[in-house]
Amino acid sequence: LAQSNSHDIAPHMTNVSHEIHHLSFGDPSTTRYLERTIDNFKGNPAGSSLASGSPLPAGFLDATHPMDGNAYVTGDLHEAHHHYLKVITTELDRETMIKDKYASATIGQRAYRILQSSQLSYFRNDVVPEAKFTYDL
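Residues numbered from 1 in each chain as written. Predicted model: local features only at pLDDT ≥ 70, side-chain atom pairs only at ≥ 80, totals over all residues. Heavy atoms only, no water.

**Some remarks on the confidence of the model for the protein**
Here is step 1 of the chain: On average, the protein scores 80 in pLDDT, and the residues at 70 or more come to 73%.
Here is step 2 of the chain: Mean pLDDT per element in the protein: helix 2 (residues 103–106) is the minimum at 53, and strand 2 (residues 71–72) is the maximum at 98.
Here is step 3 of the chain: Within the model, pLDDT remains below 50 along residues 46–51, and this stretch shows seven contacts once partners closer than five positions in the same chain are excluded. (pLDDT = per-residue confidence, 0-100. Helix = DSSP H or I, 4+ residues; strand = E, 2+ residues; numbered from the N terminus. Contact = heavy atoms within 4.5 Å.)

Printed below as a string of structure tokens:
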């Protein structure tokens, strides 16, 4: 419980507005490899059945960090955002990814896509609001 000898603190009036700079799961080197792979395929659709020419589905990379840069602001007292994340594992293999000098270190690793939903939750006056992140693997 928050307390101070020199201040009157009302913890139930806590503002838990927040911004997510980056949230992802897994090895950061996998994300860098995926970025390079997409860059290598831009403008080169040969050998790919996908419209973009990339061996990855459209939006795949963005789905690995969908909350980046989002701000969750509460407008009133007794409010907080709750975030629910479903983490989806994708195995990367040699047939799917482009081969380059970095491939041996990354191929076979996992990438994690996130399906997320957030909702504003309301609290009783006697309960301290809290931002919450719940994830399911």
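This is not the end of the story, as more comes after the structure.
**Focus on the side chain of His82**
Here is step 1 of the chain: Within the secondary structure, His82 sits in strand 3 (residues 79–91).
Here is step 2 of the chain: Polar side-chain contacts of His82 include one of 3.2 Å to the side chain of Ser121.
Here is step 3 of the chain: Discounting chain neighbours no more than four positions away, the residues touching His82 are Ser117, Ser118, Gln119, Ser121, Phe123, Glu130 and Lys132. (Polar contact = N/O pair within 3.5 Å; in protein donor to acceptor, adjacent residues only side chain to side chain.)

**Here we look at the packing of aromatic side chains**
Here is step 1 of the chain: Taken as a whole, this structure holds one aromatic pair when the rule is applied.
Here is step 2 of the chain: Here the aromatic rings of Phe25 and Tyr135 are separated by 5.6 Å at their centres, their planes lie at 55°, and the arrangement is tilted. Of this pair, Phe25 sits in the loop between strand 1 (18–19) and helix 1 (28–41) while Tyr135 is found in strand 5 (residues 132–136), placing the two residues 110 residues apart along the sequence. (Phe/Tyr/Trp six-rings, centres within 6.5 Å; stacked < 30°, edge-to-face > 60°.)

**With respect to the environment of Tyr72**
Here is step 1 of the chain: In this structure, Tyr72 sits in strand 2.
Here is step 2 of the chain: Linking Tyr72 and Leu120, residues 48 residues apart in sequence, is a C-alpha distance of 8.9 Å.
Here is step 3 of the chain: Setting aside its immediate chain neighbours within four residues, Tyr72 contacts Ser17, His18, Ile20, Met67, His81, His83, Gln116 and Ser118.
Here is step 4 of the chain: A polar contact of 3.1 Å, which involves the side chain of Tyr72, links it to the side chain of Asn70.

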